[in-house]
Amino acid sequence: MYQISAKSIITAQNGINIYRGATDGCIVSRVRAKGARIENPEEMGIKMDAPALISQELRKKRNRGVIYTGLSDPYNALEEEYQIMRECLKAIARFDFGIDITTRESLILRDRDILIDIASHTKCVIRVILPTLDEKKYSIIEGEEKDIQDVLKILEGFKDTGVDVILDIFPMLPHINADVSSLEKILELGKEYRVKAIDTHDFKTVLQSGMKEYFYQELKKRDKDTYFLYEEEGLKDSFLVDKSGEMGRFYVDFCRENGILFGSKDIQDYARKYENRTEGVQLTLFDLT
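Bear in mind the structure is a predicted one, so any value in this text is a computation, not a measurement.

Notes on the layout of surface pockets
Taken as a whole, the largest pocket spans an internal volume of roughly 630 Å³. Lining the largest pocket are 28 residues, with R30, G70, L71, T102 and H201 positioned closest to its centre. Of all the elements in the fold, those that place two or more residues in the lining of the largest pocket are β5 (66-69), β6 (98-103), β7 (124-129) and α11 (264-272). Classifying every residue of the lining of the largest pocket by side-chain character gives 8 nonpolar, 11 polar and 9 charged. Looking at the second largest pocket, its volume works out to about 210 Å³. Lining the second largest pocket, in full, are I4, N17, Y19, R20, G21, V31, A36, I38, K47, G70, L71 and S72. Residues belonging to the lining of the second largest pocket are distributed by class as follows: 6 nonpolar, 4 polar and 2 charged.

If you want it as structure tokens, here you go:
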């Protein structure tokens, strides 16, 4: 672990990266892309002064908006000890900004109180990464240390709380989870937990330079039979399911029938659009502290 010295923390697009490095064992890891410019993804970096920085910067903003988390999952092992994300959330709530968090860790339930409070004021989105409900396939994609039950705890913990939960089906990989049966199970789960949206990333997975090498290296370790199938097909750097085919039609029809937001662009537009839900409502504790 190393500390990152930063003069600012919020990007021009309202993104924040409190941590830097590979916070999970996902086989498709964006932090390993050469474009991410992370020299050693295995070593975790932390911005200890993130809460102070975010308070300073939110205070100066003329217009409220939705803050979103970046490449590294903010609810990693370091967060459990240092609680940097929790302190940042307090600042976001205090200045009445929205939040859009991507995670696969049930540690987020620790901050349930603040997130529900934010949702009562404005947009509060949690993108929960769930590529499959098959435990064997899940371990291939996410690594043996990850447990599907962690994701189910998040869905249960934020059900009917006002927090917008998005099920994020990523990555979608041939011979592993890119099939109608796998998709249907996740869609049914989303319906059961009344999620706001289900995102398939337009059924596309791209392996950038750095990501591709790691993907095939790990796949060979985790499932040699599947690796050999990929090898026979030429070790591609992208995978795309035909959206007009059976899977795409099933996804669209199911979401329409059940009032679930779908389509990556529409989901993104919704998640990042600020809403004022406080007009005529008395301020809460987080507004005053």
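Next comes the rest of the account.
Notes on the pairing of β5
Here β5 shows a buried face lined by V66 and Y68 and a second buried face lined by I67 and T69. Sheet analysis places β5 next to β6, joined by 3 bridges and oriented parallel. Each residue of the ladder has a partner; that of I67, found in β6, is I99.

Quick notes on empty space enclosed by the protein
For the coordinates displayed, the defined rule picks out 1 cavity of 30 Å³ or more. Looking at the largest cavity, its volume works out to about 40 Å³. Taken together, I16, N17, I18, Y19, T69, G70, S72, D73, P74 and M85 make up the lining of the largest cavity. Residue composition of the lining of the largest cavity, by class: 5 nonpolar, 4 polar and 1 charged.

Rules used in this analysis
- Residues numbered from 1 in each chain as written.
- Predicted model: local features only at pLDDT ≥ 70, side-chain atom pairs only at ≥ 80, totals over all residues.
- Heavy atoms only, no water.
- 1 Å grid on protein atoms, 1.4 Å probe; cavity = no way out; pocket = protein on both sides within 12 Å on 5 of 7 lines; lining within 4 Å.
- Points joined across faces, edges and corners; volume = space filled by probe spheres on them.
- Helix = DSSP H or I, 4+ residues; strand = E, 2+ residues; numbered from the N terminus.
- Nonpolar A, V, L, I, M, F, W, Y, C, P; charged D, E, K, R; others polar.
- Buried < 20%, exposed > 50% of the residue type's maximum accessible area, 1.4 Å probe, protein only.
- Pairing = 2+ DSSP bridges.

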